[in-house]
Every structure is written in C-alpha cells, then in structure tokens.
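# Fold and geometry: a report
Here's the letter readout for the chains.
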Amino acid sequence: MGVEEQLRQAIQSALEQLAASGRLPTDALHAVFTVERPKAADHGHLATNVAMTLAKAAKKPPREIATLIQSILQTEPLIEKVDIAGPGFLNVRLRPAAFHQVVADIELAGAAFGRALAGSGERVLLEFVSANPTGPLLISHGRNAIYGDGVGRVLEACGHRVTREYYINDFGNQVRLLAESVRASAKGLPPPEGGYGAAYVKILADWIVAHAPHALEDDAPEGLLSRFCISRMLEGVPGSEELLGIRNTLAALGIYFDNWYSEESLHRWGRVEASLAVLREKGCLVDLDDGALAFRAAEGEDDKDRVIRKNDGKTFTYFASDIAYHADKVGRGYDRLINVLGADHHGYVARLRGAIEQFGFPQDHFEVLLYQLVSLLRDGQPVKMGKRLGNLITIEEVTDEIDAAAGRKGAGADALRYYYLSRRNESPIELDIEVAKKQNLDNPVFYLQYGHARLCAILRRAETVFGLHVPRLTPQLAARLVHPDELAMLQQLGSFPRIVQDAARERAPHKTLFFLQELSQQFQSYFTRLKVEHDAILPQSWLTSEQGWEAKWDRDKTLARLAWVNAIRTVYAAGLGLLGISAPQRMDRPPAPEGVQETDDELDAPAS
RNA sequence: GCGCCCGUAGCUCAGUUGGAUAGAGCAGCGGCCUUCUAAGCCGCUGGUCGUGCGUUCGAGUCGCACCGGGCGUGCCA
C-alpha cells in the first residue's frame, strides 16, 4: 500500500472516532477528500483538504475540524508531524518506515503490481480500428489503433476481460470500387469513376494476375475478385514492401485482435434481415414514400430518421450492417460494449445508440470513445489525404524511418505509441510528417526506455561484478533507505495502482505515460546526483582500488538500494507494458556523430 | 443555424471528481563525463491559463455569453 492510501485510511478511521464521540456528524464518514503530494516541499509529504470539504456538513470552520483530525493523526506511529495551514489544509510529514511498505507489495506482486484483483471486472467487447480494408493502414489510423489498444491494456489491468474486435467492412460500394479498380489496373486501364488510384492497387492487380487470374472473370459484387482483394489487404501481398497487410501492420505495433468480424458474413447469413425484423416488431422502422426504409430511434435518442435501405428497395446502407453487427454483439452476452471512433463519426453515435437500445442493451454500458482527428502536415503545410489520391502516408513509412534512425527494429513502433499516447484522446493532433520521421535520439520515448535500461544495468552489474542478487527488503535493510529522493520515489511507486485505476476508469491511457515520465525523471536525477556526491549504489573504482576497501563499504546500504532499484524497475516495466512500449534491458550508447568537433572551424575559417 | 471537441510558455502537450506560488518535453542560453550507461544531470530565460461576467473560503478546472480553430449535421463509410 502506498503512503497515500495509508494516510487515507488513517483519516477515515479518525473520522470514525470523531463521529462516534459526537464531535462530527455521522455523514462525515462519507466525506470526499483528496490526499495528494503538495507541490511545495515545506508542505510535507502529503496534504489533505478533508477539513475543508467537511466544513459545510459539520457546520464548523475548516480549521476547527482540522484541529480535531490533527490530534488523532498525530498519535499514528508512522506519522511524524501534522500541521494545519492556510484555510484548513492538513500537511503531514511521515516517518521513513511509512514509505518502505510499498516495496514489500511490489516484491509480492511482481509484474502484476498495480493490477486490480482478477474476477472483479466486466466482460468487455472493445471494437477499434475497423478501418476499411480498401487500403493500407495510414498514419492517421494509428491513433485509433494505439489509443484503442491502450484502453484495452489498462482495462485488462483492472481485471476486465477484454475481447478485441476488428469489424471488416468487406461489403458494399467501397469494396466493389476497389475490385473494379484492380480489374482496370490488370487491364492497364485507369480506375473507374470514384475508384482507387494509389500505387497499391497496381501491386494488388499484379498479384491477382500472377496467382488468381480466374478471379478477374468474376463480375459478382461480392465475388471472387472482391474476396481476393480483401484478403490481400488484410494479410498482405507476399514479398511486397508496400502491402504488408493490415494485420501485419497492427502486429508490428503490438496490437492483436481476438476477432476479425466480417460485415459480408452478416449479409450472407441473413443476419441483416433478421435484425431488421426485430426492429420491425418493435415498431421503429419507417417506410418512406419513395420506397426507402428508415430507422426511427426512440424519443430523444436521435433527431431524424436514418435510412437503412435505399429507395431502390434493395441496397442496404452501412447502417443496416451496423444494426445487425451490434445486435450480434448484444447477443454475445458482454457486460459492456466499447467502440473507438474518430470524432468525424460522432454524428453517427446517436443512431447507433438508438438501435442498440432496441435490442435491450443497457445504455450506460455502451460507450463510444471519440478521439479527435489527426491532421497531417508536411513541413508545416497541410496534407490532403484520401484513399483515392496518391499521397498516402502509411504507418510503416513513418516507423521504418525511425527504426533506421535508432538502429533498432521496433523503435518506430515504440515512438509512434509514445506519440499518440502522450495526448488525451480529446486533444486534436497536428502531426508533421517530416518532423515525425526525423525523430532521432532526442525522441522522448527513448528517455523512458533509457531509464529502464539503466535500472537493469545496475542490477546486471551488481550480479556480474559483485555477485549480489536483489535481496528482500528486510527491516534491517530498510533502515538504510532514508535518502529523501529514495523515499519520494517510493511515494511515487505507491501511487501507481491509483494511476492505473484512474487511467482505466477515464479511458485515459496517457495518464500512465505521464506517471512514467515523472518516475524516469526522478530516478535519472537521483542517479546523477549520487554520482556527483560519490555515493553510488555500487562500489566504484575509487573505493575498490584501495586495499581492504570492503571494510569501508556500506554493504547493507547497497543491498537496500538494490531492492529499491528492483522495485522501481518492476513498476517501470509494468507501466511500459500498459503502454505497449518495449522495455529494453540495455540501450548502448550510440556512436558519437562524426564531424561534431569540426563545426567551429567553419566559423573560424578566414574568408577566402 | 444547431450539436460535439479543443484554446495553458516560442512549439508540442500535462494539469489528479475545484486546492496553496500553474508544470513537463522540445527550442534558446550557461554549466557537468578518469569512477554504477552523457539516449543523462543541474541552472537560467519564458504565462493577461482565448475574452468577459457569474457560482465560493478558493476557478486553468464548474455555469452563462462571446471570440477563434477542428469535426459533424449524407439514401458515403
């Protein structure tokens, strides 16, 4: 348990005592208050506003309530001092032992530290990405993929059972247009009106000519040619650098789906008609005068009728499929349905909600997580990107370049994940493609990973050079952990479970990222300071070069710090795991760029 | 017109169900490597939190109005 939770419990029991003795009203027990680390160091380790939030209900001035609570808290063995400040804040100083407890929790839980107990959660269907398989995944799709997966990971950490699902729009007009564009390309003709003209269409066409030429003879809308096109878009064209396939692109980002759900199958199995029959039964279908069929949501759900079948009497809109699809989701018995959509779809949410309600699913368990769109720039200029235009920027185009700059496969995926997860989903993003590709060793994601690698390096060196394994933090060793920075970091580690829960509850994986950023900063600052102060964790050569150095060596302090380092490393790795960012055990110093020392010469060189 | 999202340092963004003197990264300037990884550390510079009212002990945070930007308001997906 972190110190925040310990203090929270102490306050709660203090309130119980005060209520029992009649010094506070009984509703004080339900007080809502914060326990937080104050920004100013002289405000102690923790501060709470409990006296202020109670003032109204207790009909007493905040400082008077604060005095009551103070007198009880001061008897707590782990509390050193309690001050009353300002309008009624309680500032609390803790004894070092209060901070040490979290290490035992981390030792016990290991990589599972921060996760909530299993079994307490819900069965969640998380639908995300679901990009049309009529083109490769673009950099803008990356936000959906990475945000959705981040939400999934953090929900899982809180005990929910998450099923990740990708809805494949393999039916209808866009698929037909892709197939026709491929057919045209195979014949050396330009794409049809509204068709696809990007380079990948040619690659698709070449593959089909080489491996399935008979498909070109099939003119049916959902026929062989469409099927081949979709499967190649999903699985990739073997040997092609440009058409890796959506599934492989996602895998390279560390994103895996449990289900790939076909829209076409809904039609093939009559699920669309079946779900419409249910709606007809409920009386929420409307036959329009021109022959079209529309859905009318319950009062207050949506503002107009939405067409399901066009006025030709036979062509279904995408909404028809979505009704059937969501009816199916409801039927599969999940506790919660979550859809991740770009903000450009938000006008669609009301009708979807209206339809789901008709299938008897509780409204407050259906969530649509909207993220704001990514607008692309190239050197500061807006880039217009459409699947029918030529200038597509794929995910690989960006990640490959970062891989190359960092000299490591996967660096680009880590960098992209960091980039998208470092913003709230409501925050619009302007992504300059040239800047993104140039992200080099200054990339903030490497800062995080470097911190982890450093921790690993300490533990590795302890073993290989000194034969020291990470010990359990016994009380004897804990007594050697008193450096204020060490205690502050333990405080930070203790808040991790709370951060994870907040991130899950608010569907805000970026909170984990900012937590780690702060942890990294604390550690790397501490690490350098010890070096300067000649108080390194492991014995240094200035010590070991002397005869009988071991007599001067504070072995317990080293051991205590190893336990401490290992606790940080554990939380670090857990946090990176929640972000889907890799946690390298080693990051060797990159070679110094050549020619750096020559730069002055140019300035000093006499003009010739 | 109406609906949703956003507006915080030069740039990119955090800001814990309203808390004390609003933070970080990048960029800029100045320092720190014979010793556990310098992909690092320390310091400095940088703010009318879009504007104005209101709610209260207290507002970047909540309410209203306005300004500015994005998206939506398709029988496209």
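Residues numbered from 1 in each chain as written. Chains lettered and ligands numbered in written order. Predicted model: local features only at pLDDT ≥ 70, side-chain atom pairs only at ≥ 80, totals over all residues. Heavy atoms only, no water.

### Focus on the domain arrangement of chain A
Convention followed: Each domain's limits were defined by an automated method or a database of domain assignments. By definition, residues are in contact when any of their heavy atoms lie within 4.5 Å. Note on definitions: buried area is the accessible-area loss of two parts on being combined, 1.4 Å probe, summed for both.
Here chain A is partitioned into domain 1 (3-94) and domain 2 (444-604). On a C-alpha basis, the centroid separation for the pair domain 1 and domain 2 is 34 Å. With seven residues of domain 1 in contact, the opposing surface of domain 2 contributes seven residues. Taken over both partners, the interface formed by domain 1 and domain 2 buries close to 540 Å², and the fraction arising from carbon and sulfur atoms is 32%. Area buried by domain 1 at its contact with domain 2 is led by V3, E4 and R37, which between them contribute 71% of it.

### Some points on the packing of helix α2 (residues 50-58) against helix α3 (residues 62-73)
Which entries qualify depends on this criterion: For helices, the axis comes from a line fit to the C-alpha atoms of the stretch in contact; other axes are also lines fit to C-alpha atoms, and the angle between any two N-to-C directions lies between 0 and 180 degrees. Helix and strand definitions follow DSSP, with helices as H or I runs of at least four residues and strands as E runs of at least two, each counted in order from the N terminus. Note on convention: the crossing is left-handed when the near helix lies turned anticlockwise from the far helix by less than a right angle, right-handed when the turn is clockwise. Throughout this entry, Asp, Glu, Lys and Arg are counted as charged residues, while Ala, Val, Leu, Ile, Met, Phe, Trp, Tyr, Cys and Pro are counted as nonpolar. The remaining residues, Gly among them, count as polar.
Relative to each other, α2 and α3 sit at 115 degrees, their axes nearing to 8 Å. In terms of crossing hand, the pair formed by α2 and α3 is right-handed. For the pair α2 and α3, contact is made by V50, A51, M52, L54, A55 and A58 and by P62, I65, A66 and I69, respectively. Split into classes, the residues belonging to the contact of α2 with α3 amount to 10 nonpolar, no polar and no charged.

### Section: the pattern of salt bridges
In plain terms, the rule: Salt bridges are defined as contacts in which a side-chain nitrogen from Lys or Arg sits within 4 Å of a carboxyl oxygen from Asp or Glu.
In the structure shown here, the tally under the stated rule is 39 salt bridges. One salt bridge in this structure joins K409 and D403, with 3.9 Å as the shortest N-O distance. Ionic contacts of the salt-bridge type, sharing partners, join the residues E5, R498, D502, R505, E506 and K511 into one network.

### A word on the environment of R353
As a reminder, the rule being used: For every residue, the accessible area (1.4 Å probe, protein chains only) is compared with the maximum for its type, and the residue is labelled buried under 20%, exposed over 50%, or partly exposed between those bounds.
Considering the arrangement of structural elements, one finds R353 in helix α13 (residues 346-358). A residue is classified by how much of its surface remains accessible, and R353, at 22% relative accessible area, is partly exposed. Taking the C-alpha atoms as reference, R353 lies 9.9 Å from I323; in sequence the two are 30 residues apart. Look past the residues within four positions of R353 in its chain and what remains in contact with it is E301, Q363, F366, E367 and V368.

### Some points on the environment of S545
Rules: Counting of polar contacts relies on pairs of N or O atoms within 3.5 Å, with two restrictions inside protein: one atom must be capable of donating a hydrogen and the other of accepting it, and residues adjacent in sequence are counted only when both atoms are side-chain atoms.
Assignment of secondary structure puts S545 in the loop between α22 (541-544) and α23 (549-552). Classification of S545 by relative accessible area gives exposed; the value is 60%. Distance in space between the C-alpha atoms of S545 and P96 is 34 Å, their sequence separation being 449 residues. Within the structure, S545 has its side chain in polar contact with the backbone oxygen of S541 (distance 2.9 Å).

### Re the protein's contact with RNA strand B
Heads up, the rule is: Being near a molecule or strand, for a residue, comes down to having at least one heavy atom within 4 Å of it.
By nearness alone, 67 residues border RNA strand B, and D290, K304, Y318, R423 and W542 come closest of all. What you see for RNA strand B is that sugar and phosphate hold 60% of its atoms within 4 Å of the protein. One of the backbone nitrogen or oxygen atoms of A343 is found 3.2 Å away from a sugar or linking oxygen of RNA strand B. Between RNA strand B and the protein, one listed contact pairs a phosphate oxygen with a side-chain N or O atom of K531 at 2.8 Å. Among the elements of the structure, β4 (89-94), α13, β15 (429-432), α17 (444-466), α21 (510-532) and α22 are those that each provide at least two residues to the surface near RNA strand B. The dominant element in the surface near RNA strand B, judged by the number of residues it contributes, is α21, at 10 residues. Looking at the surface near RNA strand B, its residues break down into 28 nonpolar, 21 polar and 18 charged.

### Thoughts on the side chain of R8
Operational definition: His is not counted here, nor are the chain ends, while Lys and Arg score as positive and Asp and Glu score as negative.
Within the fold, R8 resides in helix α1 (residues 3-20). Within the buried set, R8 has no salt-bridge partner at all; the shortest N-O distance to an opposite charge, 4.1 Å, is to E5. In contact with R8, not counting residues within four places along its chain, are F33, T34, V35 and R498.

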